[in-house]
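Inside the fold
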Amino acid sequence: MKSYLKLVNFEIGRFMKIYLVLIGLTILSQLIGVIILSKSYVANANEAIYEYLVPFGQFIEEYGRMSMMSVVDSIWFMGPIALCAAAFLFYIFFIWYRDWVGKNTFIYRLFMLPTARLNVLLSKATTIFLLVLGLVAMQLILLPIGSMLMKWNVPLDFRTDMTIREIINNSHYLFILIPDSFIQFLINYGLGFMAVFVLFTAILFERSFRWKGVLLGIVYCLIASAIFLAPLIYEFGIQASFFYPVELLIIEIILGILVIAISIWLSKFLLNKKVTV
Amino acid sequence: MIEVKELKKKFGRKQILNGVSFTANKGEITCLIGINGVGKTTILKGIMNLTPMNSGQIFIDGKNLSKDTYEKITFIPDAITMIPTMTIAQAMQFMQDYYKSWNQSRATELLSFFRLKQEDKISSLSKGNTAKVNLLLGLALDVDYLLMDEPFSGIDIFSREQIANVFTSHLVEDRGVIITTHEINDIEHLIDKVVLLDNGIVLKEFSTEEMREDEGKSVVDVMREVYQG
Amino acid sequence: MNVNLNKREPVYVQVIRHFKEQIATRNLNPGQEIPSRRELANQLKINPNTAQRAYKEMEEQGLIYTEGNSPSKITKDEKILGAVREELIGQAIDSFIAAIGPIDVPLDEVVGLIREKYRGDKE
């Protein structure tokens, strides 16, 4: 346990530089985005009303009021989120391969630590999970700051104020990241967690059997997906709803846990018996 | 004692190890000799469970390897097993964090013995100094057995001398050491035992002093006989 | 201490011979402390086990002695010291005779030559 926590701390430390860059980029882009979009809206309004003498009512009718919605759906907001998502997807692989590739033989050290090798895997998974949650938390802090910046830049008559919850609920992708119920939150992040474990297992297949392992890894991903999606595949097959939503939820939770358990068990086996440095 | 019994290992279609057996005693330096690609490194990795064997058994003091064995035996590969962006001090801290067997006073002693500066980044070191740090990280563990893969290859003559000095010092004394080499000349007088490998098997296993005493042959003489005879 | 070790003779035998030479030439005096086995191993770049074996043999032959925990010392036993000297002289003579024998020189001539050379070297 102690080694596991130390390893988590160590892995987080190793990613910290890139992580801070990602956070910095997100903060800059999102806040600059708010300011630029607000300013250009106001400039647009000024031009219309003072130069072309468009009445206020007509302007609002044509252009709508400025709200955070036009910000969160812009590239300024979505861009860094997409970048972070891509970075983490990449990092799921990189967190393993950087210890193997090139002249770096740090994996020797990790595998020779006097602790269960599974701890190495669990610490890497935990690291990814914690850092993703960190990004989501940061997003939650950035939203009210963005709202405030917009309020400073756009006069009351020209804007629609929204609560943070309203902003999130109205944005498709933010709603996935920050759903409005705890259960939905568990489902979303549970799915993500499951995907990480399945991918880790596939990576270990590759690290154990190289080219053959790539194939095994892909096959494993397909099998894991098939297990998890079995009820939905069944419903699709019979072209009808077979389960009540609550039933489906419970079955999916059980299957999800099953897939995670199988992945961890397989990873443990590969780490102890098959993996090669 | 490290006992290696009938190790077999295939890479693809190539049979790298084809039933390798030998023993290495505590308090002795055992040298695995063979040309490159003969599977010396694979044997060491096998002992450390860093690569799976197709068959065979390995016992360390009569027991199979487990996670706790890594406090008793350590492996020093031919490349450094630390993150290059770390400083030497950070690398030592890492070892101390995870190993009960880490001996900080010995680490400090090794630092001055090798004339290394602990604030130096590993990536900024010369080849010879990198090899020394690698060695330091293994030697400063209070383990009974040390496995070293080609500790003398690819480094300058002065570093070689310094490293050879380690073998005659208390840093290695009383431990069981297995080293691999394809170049025996410099270290003939340092080793107790030789295991000659070729084509995946052990051609000969002998004590160097006994060989000199009984047959008046040097290690190189025996190698000439075995490999060319 | 600098010794050229050959690779075909047991190292411990070579170490003992080296010590005998040092004793005979009085580079090592009776009762003088000698290096620990570890120091010796380090100086000669040999395996500590071999150094240990050499010391053990020398102790058995009475060339060195150890009192309690103090470092080993060269023996003060005149009989042994004399024997070492004789042994080395004997060996030198043997190899000399082996070399000169085939040339078939009369003994008187040899002795004369030796006397001449020997004096020249000593001066």
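Residues numbered from 1 in each chain as written. Chains lettered and ligands numbered in written order. Predicted model: local features only at pLDDT ≥ 70, side-chain atom pairs only at ≥ 80, totals over all residues. Heavy atoms only, no water.

Going by an unreviewed UniProt entry, chain B carries the name ABC transporter ATP-binding protein and comes from Oceanobacillus chungangensis.

**Quick look at empty space enclosed by the protein**
Convention followed: Cavity means a closed set of points on a 1 Å grid over the protein atoms alone, one where a 1.4 Å probe fits but cannot get out, pocket means an open set with protein on both sides within 12 Å along at least 5 of 7 lines, and lining means a residue has an atom within 4 Å of a point. Grid points are joined across faces, edges and corners, and a volume is the space filled by probe spheres set on the points. The helix and strand labels rest on DSSP assignments: H or I over at least four residues marks a helix, E over at least two residues marks a strand, and numbering proceeds from the N terminus. Three classes are used: nonpolar for Ala, Val, Leu, Ile, Met, Phe, Trp, Tyr, Cys and Pro, charged for Asp, Glu, Lys and Arg, and polar for all others, with Gly counted as polar.
In total, this model carries one cavity of 30 Å³ or more according to the counting rule given. Considering only enclosed or pocket space, the largest cavity measures out at about 30 Å³ in volume. Taken together, Arg109 of chain A together with Thr74, Phe75, Ile76, Pro77, Thr81, Asn134, Leu137 and Gly138 of chain B make up the lining of the largest cavity. If you list the elements that add at least two residues to the lining of the largest cavity, you get strand S5 (73-76) and helix H4 (127-139) of chain B. Of the residues assigned to the lining of the largest cavity, the class counts are four nonpolar, four polar and one charged.

**A look at the interface of chain B and chain C**
For the record, the criterion: Working rule for contacts: check all heavy atoms of both residues, and any pair within 4.5 Å makes them a contact. Two parts placed together each lose some accessible area; with a 1.4 Å probe, that loss summed over both constitutes the buried area. For salt bridges, the criterion is a side-chain nitrogen of Lys or Arg within 4 Å of an Asp or Glu carboxyl oxygen. A 3.5 Å cut-off defines polar contacts: any pair of N or O atoms within that distance qualifies, except that in protein one atom must be a possible hydrogen donor and the other a possible acceptor, and neighbouring residues in sequence count only when both atoms are side-chain atoms.
Between chain B and chain C, the residue contacts involve 24 residues of the former and 19 residues of the latter. Among the residues of chain B in contact with chain C, Thr168, His189 and Glu209 of chain B are the three that bury the most area, contributing 36% of the side total. Taken together, the links from chain B to chain C amount to four salt bridges. Between glutamate 213 of chain B and arginine 53 of chain C there is a salt bridge, and its shortest N-O distance comes to 3.1 Å. Between chain B and chain C we count 16 residue pairs in polar contact (both at pLDDT 80 or more) in total. Looking at the side of chain B that touches chain C, the elements with two or more residues in it are helix H5 (157-167), helix H6 (208-215) and helix H7 (219-228) of chain B. Top contributing element to the side of chain B that touches chain C by residue count: H6 of chain B, with three residues. Residue classes in the side of chain B that touches chain C are distributed as four nonpolar, nine polar and eleven charged.

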